[in-house]
Amino acid sequence: MIVVTGAAGRLGRRVVQLLVDRGGEVLATDQAQADNLPAEFVRCDLGNADAVHDVLKGAEAVVHMGAIPGPQRAEPRAIFANNTPADFNVMMSAAELGLRRVVYPSSAFGMGWAHDGNAFVPRYLPLDEEHPMMPFEPYGLTKQVGEDIGRMIARNSDTTVVSLRFTNVALPEVQAEFPWPAPTPENPLTLVMWAYADARDVAEAHALALDAEIEEDEAFMLAQPSSRFTEPTIDIVRTNFGDQVEIRDGLEGTASVISTAKAQRMLGWQPRHDWRQ
């Protein structure tokens, strides 16, 4: 049985549906009531450690999507007070109960990206998993802490952890509004908004992460192959950052500023959707 927390959310529903469609036994849970799900549903407050423990009993793995899903969805202290205890409760119970795998939706915000377009200057692009996590705001910090909790339980138990770093999940109707005007120093756009992720491909990555061959823990960047713009990516980087950012291979044409090479290699993930299609 696979437990999916945060199953009432937009992405959580997609993951539940995908796993059920593929023949999986799924238990869906959320603190909000979720109707019209194709799986058994129980309400659970992830801040309640005993309740979390009970929900995970008998499970093989958990896809832990229960969280306030962005830096502007609540007051900063409320985000940290909600997300971090939930991560700790889910992952600790997973380890104590001997679950095989935790799939943890992390975020590119944990890498340092923020809604302030001038806040984050990456050391190099395209951004990959080797770039240090350096969050600028509490939501990104919760994701860094969540990944650290995952690393801890992977070290001290037989539970393995896959963290998926994605951002700006754009539904097809949002992608229909692309391209956006390219950012400039006079009209900056936070770097996190240069990239986007398709909900269908992100859900697929969560499904693949359940069965990927992983020792202890691994993190993976997820994004669509191209940016939201029509201008060459390298030109946009130089216009906005000058020589502050090292440009590495993989930014040719309108390529995304996020590298997904590791996810493609280790998860077998292939992003199949692009707004230009």
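Residues numbered from 1 in each chain as written. Predicted model: local features only at pLDDT ≥ 70, side-chain atom pairs only at ≥ 80, totals over all residues. Heavy atoms only, no water.

Draft legend 1. Here's a closer look at the overall build of the chain. Looking only at helices and strands, the chain has 8 helices and 11 strands in total. The C-alpha radius of gyration of the chain comes to 18 Å, within 12% of the 19 Å expected for a compact globule of 277 residues. Reported as C-alpha extents along the three principal axes, the dimensions of the chain are approximately 55 × 35 × 35 Å. A separation of at least 24 residues holds for 74% of the contacts in the chain among residues at least 6 apart in sequence. Carbon and sulfur atoms make up 47% of the accessible area of the chain, which amounts to about 12,000 Å² in all. (Helix = DSSP H or I, 4+ residues; strand = E, 2+ residues; numbered from the N terminus. Rg over C-alpha atoms; globule rule 2.2 N^0.38 Å. Contact = heavy atoms within 4.5 Å. Areas by Shrake-Rupley, 256 points an atom, 1.4 Å probe, with all protein chains shown as cover.)

Draft legend 2. Unusual backbone geometry, seen in detail. Between L125 and the following residue, P126, the backbone shows a cis peptide bond with an omega angle of 0 degrees. Mapping P126 onto the fold places it in the loop between strand 6 (124-125) and helix 4 (138-156). Each neighbour pair has its own omega, and for F178 with P179 the value is 5 degrees, a cis peptide bond. Within the element layout of this structure, P179 appears in the loop between helix 5 (172-175) and strand 9 (197-198). Of note, N36 is a non-glycine position whose phi angle comes to about 60 degrees, a positive value.

Draft legend 3. View of the pairing of strand 7 (residues 160-165). Of all the 6 residues making up strand 7, 6 are buried; the element is thus mostly covered by neighbouring parts of the structure. Taking every second residue as pointing to the same face, both faces of strand 7 are buried, with T160, V162 and L164 on one and V161, S163 and R165 on the other. Where strand 5 (residues 101-105) meets strand 7, 5 bridges bridge the pair, whose relative direction is parallel. What sits directly across from V103, in strand 7, is V162. Of the pairings in the sheet, the one linking strand 7 to strand 10 (residues 217-221) comprises 5 bridges and is parallel in character. Each bridged residue has a counterpart across the sheet, and for R165 the counterpart in strand 10 is M221. (Buried < 20%, exposed > 50% of the residue type's maximum accessible area, 1.4 Å probe, protein only. Pairing = 2+ DSSP bridges.)

All we've got here are geometric facts, nothing functional implied.
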